[in-house]
Amino acid sequence: MDQQAQTNKRNVTFLVIVAALGYFVDIYDLVLFSVVRIKSFTEIGISAEHMRTEGEYVINMQMFGLLLGGLLWGIIGDKFGRIKVLFGSILMYSLANIANGFANDVHTYAIIRFIAGIGLAGELGAGITLVTETMDKEKRGYGTMVVAGIGLLGAAAAATIGKHFTWQTSYFVGGGMGLLLLLLRVGTFESGMFKNAEQDKAVSKGNFFMLFSDRKRFLKYLACICLGLPLWFIVGILVTQSPEIGKALGAKELLNPGTGIMYTYFGIAIGDVVCGVLAQVLRSRKKTVLIFQGLSVITVIIYLTSTGLTESNFILICLFMGFAVGYWATFVTIAAEQFGTNIRSTVTTTAPNFVRGALIPITFVFELFVHRYDIVSAAFIVMGILTIIAMLSVASLKESFNKDLNYLEQ
């Protein structure tokens, strides 16, 4: 191996590590509210009967920020470069998390989570775009797998710190880790594919409306978003609202959503690695995602029929539910591989954040079913609807394994 090849390999390895650590901090900050919701709300004076509804208000504000931020950072990534997103997004959400430690009422809390959501939106899309554009097309699946596998352990860190420290300290740690990582990013380099696309002045870059100007392109984009819907429903509602679901199932003790989220993300991290390897072995991302979507239905059925749940059984179920929806990195990789370099960052950044942001309408529909039936029946119905939509979406997309990504959308 010559000197240039060795240098390139080191650069790519460094890029994957930096992207993985960035996603670690991103996930830490993203799930921290779910971990410290009860502890922080109790301290700022929210009553027990308003705990769930005020929690939905704050998480929806964060999700709205993710929706807006996904669009903002995606366009910046395609117009000005992927690296600028990596710097700007982490600075924004790190400062927001430090500010969050000083919140003393629910409205201030919600506004800060909205700002943090905007910042959090840029991390994964920019990282995955850089990795897919920089690595060999035969091996890029391994790169995105490492980013997600390490990154998702940030949830475990959030649960651990949230359990052993005050909720304010937990937010300060998230902000501090982000600012430290900002320094590490000084050595990262821009995508060669982006540099080539930048030279072509005639081609529109980061034009979000391009995704809607062509029917075929729009349906492909919509399918990329819809295939990830069940994942966020499981984390954002089924695990986050586990105290209420556990009560309906006659749980023997109050289920801890912080613990549930930690083990769910442990499962997702393991699932992401297995999913990534399986996609490489099968040489098909589509088949792999369909297998995992089928598994997720089975695990949710087990969860929602587990009457008299104990804490240990709940932990085990969360681990398996997380594993079954551990196709997050593969989902984002599929989105990146479906579109040309001039709108790839826009797609890769908006798609996962629109999935996260979809929790707003999903929560609304879920609440309608809760009031009409009960919380367990509502969970069954919504999971069924989302899984059907997700599976049809996967089936509609072309296989993108080994696809050459060095092209532009016209």
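All of these numbers come straight from a predicted model, not from anything done at the bench. (Residues numbered from 1 in each chain as written. Predicted model: local features only at pLDDT ≥ 70, side-chain atom pairs only at ≥ 80, totals over all residues. Heavy atoms only, no water.)

**Student:** Explain the state of the cysteines to me, using residue names and the numbers behind them.
**Tutor:** Enumeration over the complete set of coordinates arrives at zero disulfides. Cys224 takes part in no disulfide bond, and the closest cysteine sulfur to it belongs to Cys226, at a distance of 9.6 Å. (Disulfide = S-S within 2.5 Å.)

**Student:** Describe the packing of helix H18 (residues 341-357) against helix H19 (residues 359-372), naming the residues involved and giving the relevant values.
**Tutor:** Running from amino to carboxyl end, H18 crosses H19 at an angle of 25 degrees, the nearest separation of the two axes being 5 Å. In terms of orientation, H18 lies roughly parallel with respect to H19. The segment H18 lies against H19, with Val355, Arg356 and Gly357 engaging Leu359, Ile360 and Pro361. Here the contact of H18 with H19 is composed, by residue class, of four nonpolar, one polar and one charged. (Axes fitted to C-alpha atoms, helices over the stretch in contact; angles between N-to-C directions. Helix = DSSP H or I, 4+ residues; strand = E, 2+ residues; numbered from the N terminus. Parallel < 35°, antiparallel > 145°, perpendicular 65-115°, else oblique. Contact = heavy atoms within 4.5 Å. Nonpolar A, V, L, I, M, F, W, Y, C, P; charged D, E, K, R; others polar.)

**Student:** Just give me the short version of the nonpolar core, but keep the residues and values in it.
**Tutor:** Grouped together as the largest cluster of nonpolar side chains are 125 residues, with contacts concentrated most on Phe41, Tyr109, Phe233, Tyr265, Tyr303 and Phe366. For this core, the element with the highest residue contribution is helix H1 (residues 3-43), accounting for 16 residues. Domain assignment of the residues forming this core places at least three in each of domain 1 (7-190) and domain 2 (213-409). Each residue touching Tyr303, except ones within four places of it in the same chain, is listed here: Leu238, Ser242, Ile245, Leu249, Leu309, Phe314, Ile317 and Met321. (Core = buried A, V, L, I, M, F, W, Y, C linked by side-chain atoms within 4.5 Å. Buried < 20%, exposed > 50% of the residue type's maximum accessible area, 1.4 Å probe, protein only. Domains from an automatic or database assignment.)

**Student:** Talk me through the domain arrangement of the protein; I want residue IDs and the actual numbers.
**Tutor:** Domain boundaries assigned for the protein yield domain 1 (7-190) and domain 2 (213-409). Inter-centroid distance (C-alpha atoms) of domain 1 to domain 2 is 19 Å. Buried surface at the junction of domain 1 and domain 2, summed over both partners, amounts to about 4100 Å²; 63% is from carbon and sulfur atoms. Arg140 is the salt-bridge partner of Glu337, the closest N and O atoms lying 2.7 Å from each other. At the boundary of domain 1 and domain 2, one finds twelve residue pairs in polar contact (both at pLDDT 80 or more). (Buried area = accessible area lost by both parts, 1.4 Å probe. Salt bridge = Lys/Arg side-chain N within 4 Å of Asp/Glu carboxyl O. Polar contact = N/O pair within 3.5 Å; in protein donor to acceptor, adjacent residues only side chain to side chain.)

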